[in-house]
Amino acid sequence: MTFELLSRFTFAIFAALALTLLVAPGVIHWLFAIDSGAAADIMSRRAAMLFAGLAVLTFLGGGSTSLEVQHLVSAVIVVAMAGLLVLGFVEWLRGAVGPGIWLALIVEGFFVWFYFRYWQE
């Protein structure tokens, strides 16, 4: 998979997630089987802005042929997605989230795997 294709795919996922977290956070609460409420909604909207920023990073950096830019984008995505992967797995082990977390874990693992390869080139 080319870096540009990977980045466009990542942009689409991150943009959709940002939009969902911003306007319909209950979907994520339902998927992860966590309680909805004011605090969860606030944190979801804040997370939406982080994913919006990552979407912009992958959109603008994804078309670059510069290895330096590709390494930078890859490092950011690997760190963010590996962190979410570990945290999500720990929360699943604790029983704090439902089996829907596995959808996120699989996608995060996919991003870690592919971006790590570009980061190491």
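Data block above holds the structure.
Note that the structure is predicted; figures quoted are calculated from it, not measured.

A. Spatial organisation of the environment of Gly-100. Along the chain, Gly-100 turns up in the loop between α4 (67-94) and α5 (101-120). Not counting chain neighbours up to four residues away, the residues in contact with Gly-100 comprise Leu-31 and Phe-32.

B. Looking closely at helix α3 (residues 38-62). Between its first and last C-alpha atoms α3 spans 35 Å; for 25 residues at 1.5 Å apiece the expected length is 36 Å, and the two agree. Of the positions making up α3, those classed as buried are Ser-44, Ala-48, Phe-51, Leu-54, Ala-55, Thr-58, Gly-61 and Gly-62. The secondary structure elements touched by the buried residues of α3 are α1 (3-23), α2 (25-32), α4 and α5.

C. Looking closely at the environment of Phe-9. Mapped onto the elements, Phe-9 comes out in helix α1. Exposure remark for Phe-9: the relative accessible area of 39% places this residue in the partly exposed category. In this structure, the C-alpha to C-alpha distance between Phe-9 and Phe-59, residues 50 residues apart in sequence, is 9.3 Å.

D. Spotlight on the pattern of salt bridges. In this structure the tally under the stated criterion is 2 salt bridges. Glu-4 is the salt-bridge partner of Arg-8, the closest N and O atoms lying 3.8 Å from each other. Here Arg-8 and its partner Glu-4 are both found in helix α1, 4 residues apart, which amounts to about one turn of the helix. Among the residues examined, Arg-8 registers a relative accessible area of 29% and is labelled partly exposed. Between Arg-94 and Glu-91 there is a salt bridge, and its shortest N-O distance comes to 2.9 Å. Within this pair, Arg-94 and its partner Glu-91 are both found in helix α4, separated by 3 residues, close to a single helical turn. Note on Glu-91: relative accessible area 28%, which makes it partly exposed.

Cut-offs applied
- Residues numbered from 1 in each chain as written.
- Predicted model: local features only at pLDDT ≥ 70, side-chain atom pairs only at ≥ 80, totals over all residues.
- Heavy atoms only, no water.
- Helix = DSSP H or I, 4+ residues; strand = E, 2+ residues; numbered from the N terminus.
- Contact = heavy atoms within 4.5 Å.
- Expected span 1.5 Å × (residues − 1).
- Buried < 20%, exposed > 50% of the residue type's maximum accessible area, 1.4 Å probe, protein only.
- Salt bridge = Lys/Arg side-chain N within 4 Å of Asp/Glu carboxyl O.

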